[in-house]
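Here are the chains, one letter per residue:
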There are 2 protein chains.
Amino acid sequence: MRRHLGEGGTPDASRGRGRSRIQPDVDAAAAVVRGRLHRTPLLSSETLGAAFGGRAFLKTELFQKTGSFKARGVLTKLASLSAEEKQRGVISSSAGNHAQALAWGCAAEGIDCLLVTWRDASPLKVAATRGYGATVDQEAADHLEAFDRVRKLQRASGRTLVHPFDDPFVVAGQGTVGREIGEDLPEVDVVVAPVGGGGLVSGIATALPGKRIVAVEPEGSAALNMALKAGKPVSFAPLSIADALNAPVAGQLPLEICSRLGVESLLITDEEIEDGFRFLYERTKLAAEPGAAAGVGALLAGKIADVEGKTVGVVVSGGNVAAQMAAAILKGE
Amino acid sequence: MRRHLGEGGTPDASRGRGRSRIQPDVDAAAAVVRGRLHRTPLLSSETLGAAFGGRAFLKTELFQKTGSFKARGVLTKLASLSAEEKQRGVISSSAGNHAQALAWGCAAEGIDCLLVTWRDASPLKVAATRGYGATVDQEAADHLEAFDRVRKLQRASGRTLVHPFDDPFVVAGQGTVGREIGEDLPEVDVVVAPVGGGGLVSGIATALPGKRIVAVEPEGSAALNMALKAGKPVSFAPLSIADALNAPVAGQLPLEICSRLGVESLLITDEEIEDGFRFLYERTKLAAEPGAAAGVGALLAGKIADVEGKTVGVVVSGGNVAAQMAAAILKGE
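Residues numbered from 1 in each chain as written. Chains lettered and ligands numbered in written order. Predicted model: local features only at pLDDT ≥ 70, side-chain atom pairs only at ≥ 80, totals over all residues. Heavy atoms only, no water.

## Concerning unusual backbone geometry
Unusually for a residue other than glycine, Lys285(A) sits at a positive phi of about 65°. Structurally, Lys285(A) can be placed in the loop between α13 (270-282) and α14 (294-300). (Helix = DSSP H or I, 4+ residues; strand = E, 2+ residues; numbered from the N terminus.)

## Re helix α6 (residues 97-109) of chain B
Along an α-helix, residues three or four apart share an orientation, since each turn contains 3.6 residues. Residues and elements named next belong to chain B. Compared with an ideal rise of 1.5 Å per residue, which puts 13 residues at 18 Å, α6 spans 18 Å between its outermost C-alpha atoms and is within 8% of the ideal. Counted residue by residue, α6 has ten buried out of 13 residues, so it is predominantly covered. Within α6 the residues assigned to the buried category are Asn 97, His 98, Ala 99, Gln 100, Ala 101, Leu 102, Ala 103, Trp 104, Gly 105 and Cys 106. In this structure, the buried side of α6 is in contact with α4 (70-79), β3 (90-92), β4 (113-118) and α7 (123-131). Of the residues trailing α6, Gly 110 is marked for its positive phi of about 70°. (Expected span 1.5 Å × (residues − 1). Buried < 20%, exposed > 50% of the residue type's maximum accessible area, 1.4 Å probe, protein only. Contact = heavy atoms within 4.5 Å.)

## Some words on the pattern of salt bridges
Residue and element names in this part refer to chain A. Enumeration over the complete set of coordinates arrives at 40 salt bridges over all chains. Of the charged contacts in the structure, one is a salt bridge between Lys 86 and Glu 109, with a shortest N-O distance of 3.5 Å. Here Lys 86 is found in helix α5 (residues 83-88), whereas its partner Glu 109 is found in helix α6 (residues 97-109), with 23 residues between them in sequence. Overall, the relative accessible area of 24% leaves Glu 109 in the partly exposed class. (Salt bridge = Lys/Arg side-chain N within 4 Å of Asp/Glu carboxyl O.)

## Things to note about the relation of the copies chain A and chain B
Mapping one chain copy onto the other needs a rotation about an axis and a shift along that axis. Note on the identical chains: chain A maps onto chain B by a rotation of 180° and an axial translation of 0.0 Å, with an RMSD of 0.0 Å. The transformation just described matches what one would write down for a two-fold rotation axis. Across chain A, the smallest distance between a C-alpha and the rotation axis is recorded for Ala327(A), namely 2.0 Å. A shared interface surface links the copies, since 100% of the contact residues of chain A are contact residues in chain B too. (Least-squares fit on C-alpha atoms with pLDDT ≥ 70 in both.)

## Focus on the packing of helix α15 (residues 323-330) of chain A against helix α15 (residues 323-330) of chain B
One can describe the packing of α15(A) onto α15(B) by two numbers: an axis separation of 8 Å at closest approach and a directional angle of 155°. It follows that α15(A) is roughly antiparallel to α15(B) by the angle criterion. Every pair of crossing elements has a handedness; the one defined by α15(A) and α15(B) is left-handed. Contact residues: α15(A) offers Ala323(A), Gln324(A), Ala326(A), Ala327(A) and Leu330(A), while α15(B) offers Ala323(B), Gln324(B), Ala326(B), Ala327(B) and Leu330(B). Among the residues forming the contact of α15(A) with α15(B), the class breakdown is eight nonpolar, two polar and no charged. (Axes fitted to C-alpha atoms, helices over the stretch in contact; angles between N-to-C directions. Parallel < 35°, antiparallel > 145°, perpendicular 65-115°, else oblique. Left-handed = near helix turned anticlockwise from the far one by under 90°. Nonpolar A, V, L, I, M, F, W, Y, C, P; charged D, E, K, R; others polar.)

## A few points about the side chain of Thr284(A)
Relative to the helices and strands, Thr284(A) is located in the loop between α13 and α14. Once you skip the residues sitting within four places of it in the chain, Thr284(A) turns out to touch Ser45(A), Leu58(A), Phe279(A) and Phe63(B).

## Remarks on the confidence of the model for chain A
Of all residues in chain A, 93% have pLDDT values of 70 or greater, and the mean over the chain is 92. Below pLDDT 50 for its whole length, residues 1-19 of chain A participates in 42 contacts with residues either more than four positions away or in separate chains. (pLDDT = per-residue confidence, 0-100.)

## As for the environment of Cys258(B)
All names here are of chain B. Secondary-structure assignment places Cys 258 in helix α12 (residues 252-260). What makes Cys 258 buried here is its relative accessible area of 1%. In sequence terms Cys 258 and Leu 228 are 30 residues apart; their C-alpha atoms lie 8.1 Å from each other. Filtering out sequence-adjacent residues up to four positions away, Cys 258 remains in contact with Val 201, Ser 202, Leu 224, Leu 228 and Val 263.

## Considerations on the state of the cysteines
Under the counting rule described, the total for this entry stands at zero disulfides over all chains. Cysteine Cys106(A) is unpaired, with the sulfur of Cys113(A) as its nearest cysteine sulfur at 4.1 Å. (Disulfide = S-S within 2.5 Å.)

## Some words on helix α9 (residues 168-184) of chain B
Residue and element names in this part refer to chain B. Helix length check: α9, at 17 residues, gives a terminal C-alpha distance of 24 Å against a target of 24 Å (1.5 Å per residue), a fit within 8%. When you tally the buried positions in α9, you get 13 out of 17 residues, the bulk of the element. At the N-terminal boundary of α9, the capping side chain belongs to Asp 167, with an oxygen 2.7 Å from the backbone nitrogen of Phe 169. (Polar contact = N/O pair within 3.5 Å; in protein donor to acceptor, adjacent residues only side chain to side chain.)

## What to know about the environment of Thr60(B)
Residue and element names in this part refer to chain B. With respect to the secondary-structure elements, Thr 60 resides in strand β2 (residues 55-60). For Thr 60, a relative accessible area of 0% puts it in the buried group. Spatially, the C-alpha atom of Thr 60 lies 18 Å from that of Ala 207, the residues being 147 residues apart in sequence. Setting aside its immediate chain neighbours within four residues, Thr 60 contacts Thr 40, Pro 41, Leu 43, Leu 286 and Val 316.

## Details of the packing of aromatic side chains
Per the stated rule, a full pass over the model turns up two aromatic pairs over all chains. Ring plane angle 35° and centroid distance 5.8 Å describe the contact between Tyr281(A) and Tyr281(B), whose orientation is recorded as tilted. Here Tyr281(A) is found in helix α13, whereas its partner Tyr281(B) is found in helix α13 (residues 270-282) on a different chain. Each member of the pair, Tyr281(A) as well as Tyr281(B), carries the same accessibility label: buried. (Phe/Tyr/Trp six-rings, centres within 6.5 Å; stacked < 30°, edge-to-face > 60°.)

## Looking at the sheet that holds strand β6 (residues 160-161) of chain A
All names here are of chain A. The sheet built from four strands is open, its strands ordered β5-β4-β3-β6 with parallel pairing. Both edges of this open sheet fall to β5 (135-140) and β6, since each of them pairs with a single strand only. Sheet topology note: the strand β3 (residues 90-92)/β6 ladder contains two bridges and is parallel. Directly across from Val 90, in β6, lies its bridge partner Thr 160. Against the sheet, α6 contacts β3 and β4 (113-118), and its axis sits at roughly 160° relative to β4. Lying over the sheet, helix α7 (residues 123-131) contacts β4 and β5, oriented at roughly 140° with respect to β5. (Pairing = 2+ DSSP bridges.)

## Considerations on a negative patch on the surface
A cluster of acidic residues, Asp120(A), Asp142(A), Glu145(A) and Asp148(A), forms a negative patch on the protein surface. Here Asp120(A) lies in the loop between β4 and α7. (Patch = residues over 30% accessible without salt bridge, like charges linked within 9 Å, V, L, I, M, F, W, Y side chains within 5 Å. Areas by Shrake-Rupley, 256 points an atom, 1.4 Å probe, with all protein chains shown as cover. Lys, Arg positive; Asp, Glu negative; His and termini not counted. Charge placed at Lys NZ, Arg CZ, Asp CG, Glu CD.)

This is the structure:
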């Protein structure tokens, strides 16, 4: 990943022009994460393959450090910071997998980390994030207010924003998921990934040019799908059981990449996600989070066209789900 | 594994003298299963290591074909049969993981398979076994009657008994779990395994001479522990949430091996097993069955002495659990 000279610091996707100039460098990201993160197993699933008449492989990112692929983007972004930037600390506004990954990565590198969330954010996730040593700010009333608060605190503190998806370093880091799939399974025809803001799927598309990439989103949380249709990110209030995918808007950079590289976009229902969740649990023995079951749910529902006879890699993106939620889905409540 | 000439057929652990003469040959078993079964990942768990102050690695046999390590022993045993024996078919009396593995292995080799169980055996497991193409006999009223029925049907049909644990080929097959741990983690100090009839742990001890091996059993299903104390297998009525470990008696051969090689035996409560189950689900993202959580439960409960600073391999032996049971444990019901 090349730093862009003359911009006076780290390229920041949130600062206008930078985002179209800096392109994600997945090879550089792979060098960053090598030896620091798990190379997660790619497990074959004959049962899933039989469901669509092809071969299925699961990229088990639920086994990644902090329980999701997010650690990849975080480490790649942190490695791009100058010593001075590291000293000023970082800021972000997630209470989910990105927050845990960022808190963990900052603890490992001795970087001060401030995470802005809102008053009724999940206590479990806030506790997990604090457990990694980050400061969590819960002054905001809701998601939108938290976003404004991040901007304000960022300006006041000089902290670097580590965006959960709209950042070339973060996209490059998530792209290492695709790179590893390509290395372990060169004959892969299709890669299926769940989508929140688009960082993961755009990274995978970048890593695997020429391969067919399918982005799966819940109907109630269709940020990328809406952005591809509108030609620009569209804000909305996401609502899906797949909380890890509930981004309120797609990233500009992920949108550009997915549009340029012809990533396919499709939607599935929460019920189909739950079917995928139960399949992963009962048949493949993976304790995935609901969002991580989106790809499997789409395959089981027959929503991905032309996969018969194909070799399909499916990203199982994380495993951070509360036991009560998992129990409810398993019981079919 | 050497066949013992002059005994008129396959060595059969249930036929007296054979069992003390034929010793499990794990290298030969490894050659049988290579390429036919998964080499299951050995995943590190920092959280579990931190719980006892050492390094922890999980041997993920829940990802094995048919959802448990049992496929290893089955394939090894089937490979030892002559063409004539294969034509006469096999018989066994399990309704659990061994039954599913045997049904699957026989289907793959075109061997007729008869599984004897009892009237109120789990419909789910019976269905899974039938799904692999085996015939399931449910004439017996209970477990003991089923055992008598196996003997009767075996004599009448000339089928070979594929015992779930008291057989040198089966023990050798299960030993490939230990062999793979030793290859992937030569510095391992301690291997912890759950125990039903003792086939797995005695196989592991055979594969890793000189290593410290710890056998973990539920208090309500302590077949090996009782046998080691009595110096011989003791029959009893097992009762534990860890249904995969509910063998009503330990095997003679496993007992001899564990006794000779100094395998440590310890007991844990069902509550400790449930704690291990939840830990595996929430922290390591593994959808294990209760019995497969026994080793982790024992480590978390501090029941395994002198593991501080040690490298410990823990066998997560299977993942065949009904969703309703899993949900109940996750909710702490």
